[in-house]
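Single-letter residue listing:
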Amino acid sequence: GEDVEQSLFLSVREGDSSVINCTYTDSSSTYLYWYKQEPGAGLQLLTYIFSNMDMKQDQRLTVLLNKKDKHLSLRIADTQTGDSAIYFCAERRNNNDMRFGAGTRLTVKP
Amino acid sequence: DTEVTQTPKHLVMGMTNKKSLKCEQHMGHRAMYWYKQKAKKPPELMFVYSYEKLSINESVPSRFSPECPNSSLLNLHLHALQPEDSALYLCASSQDGDLYGYTFGSGTRLTVV
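Since the model is a prediction, treat every value here as computed from it, not as a measurement.

**Notes on the pattern of salt bridges**
Taken as a whole, this structure holds 6 salt bridges over all chains when the rule is applied. Of the charged contacts in the structure, one is a salt bridge between Asp69 of chain A and Lys68 of chain A, with a shortest N-O distance of 3.7 Å. Overlapping salt bridges bring together Lys36, Arg63 and Asp85 of chain B as one network.

**Remarks on the sheet that holds strand S7 (residues 61-66) of chain A**
All names here are of chain A. Pairing is antiparallel across the open sheet formed by 5 strands, whose spatial order is S1-S3-S8-S7-S6. At either margin of the open sheet sits one strand with a lone partner, and together these are strand S1 (5-6) and strand S6 (55-58). Here strand S3 (residues 18-23) runs beside strand S8 (residues 71-76); their pairing, made up of 6 bridges, is antiparallel. Counterpart to Ile20 in the pairing with S8 is Leu74.

**Points about the state of the cysteines**
Residues and elements named next belong to chain A. Counted according to the given criterion, the structure contains 2 disulfides over all chains. With a sulfur-sulfur separation of 2.0 Å, Cys22 is cross-linked through a disulfide to Cys89. Looking down the S-S bond of the Cys22 and Cys89 bridge, the torsion is -65°, so its handedness is left-handed. Taken together, the residues Cys22 in strand S3 and Cys89 in strand S9 (residues 85-94) connect sequence positions 67 residues apart.

**A closer look at the interface of chain A and chain B**
Residue-level contacts link 22 residues of chain A with 26 residues of chain B. Here chain A and chain B share an interface that buries about 1700 Å² over both sides, 54% of which is from carbon and sulfur atoms. Applying the counting criterion to the chain A and chain B interface returns 0 salt bridges. Counting the contacts that link chain A with chain B gives 2 residue pairs in polar contact (both at pLDDT 80 or more). Among the elements of the structure, strand S4 (31-37), strand S5 (43-50), S9 and strand S10 (97-100) of chain A are those that each provide at least two residues to the side of chain A that touches chain B. Across the side of chain A that touches chain B, the residue classes tally to 12 nonpolar, 6 polar and 4 charged.

Quick notes on the rules
- Residues numbered from 1 in each chain as written.
- Chains lettered and ligands numbered in written order.
- Predicted model: local features only at pLDDT ≥ 70, side-chain atom pairs only at ≥ 80, totals over all residues.
- Heavy atoms only, no water.
- Salt bridge = Lys/Arg side-chain N within 4 Å of Asp/Glu carboxyl O.
- Pairing = 2+ DSSP bridges.
- Helix = DSSP H or I, 4+ residues; strand = E, 2+ residues; numbered from the N terminus.
- Disulfide = S-S within 2.5 Å.
- Contact = heavy atoms within 4.5 Å.
- Buried area = accessible area lost by both parts, 1.4 Å probe.
- Polar contact = N/O pair within 3.5 Å; in protein donor to acceptor, adjacent residues only side chain to side chain.
- Nonpolar A, V, L, I, M, F, W, Y, C, P; charged D, E, K, R; others polar.

Spatial relationships are all this shows, so hold off on functional conclusions.
So, in structure tokens, the structure goes:
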């Protein structure tokens, strides 16, 4: 199975907050990322966090990192229908080794 | 230019055909990657070229053959593929020490008939 684990589905109402969770296994991972993939498209980097940080906020996005539990979360405030997509958590173990989770499919209902 | 460009966007090929996927970036990135993504699955790494030196995922069959003519171009040559090879093939690039992750192309949707 994947080294990075995510729940597969999340459904929220427009205007609510979405929280997507991820656990990773390699404590030596220095960079952790969230990517967004819309249907038929490639992966778009949303945000990233370094392992020496606990939190990062970027407009509607908030990333929380619990390094002790190897847990990463992405919170999307005021979720919109355009946020419907698959969200991949990824850990970068070295320059050329990026591991992805299975992806969480976010559905935003009007 | 901050994009990774992949061509073609869609490809249908027979099991006896030979075709190539192309990827190009002009960001000065020295590492380029091929990923395979099946429906509802995460991308899986196939090949890495770092400073034009190849690293291989040992599980990738020999019917896939990568080529890196120069630091801006990456090809994936396909020969005698099977229907189960149908997938989205994603190219990505990165720079050593780049904190901003990989830049992905929009992919080539490959169907093997």
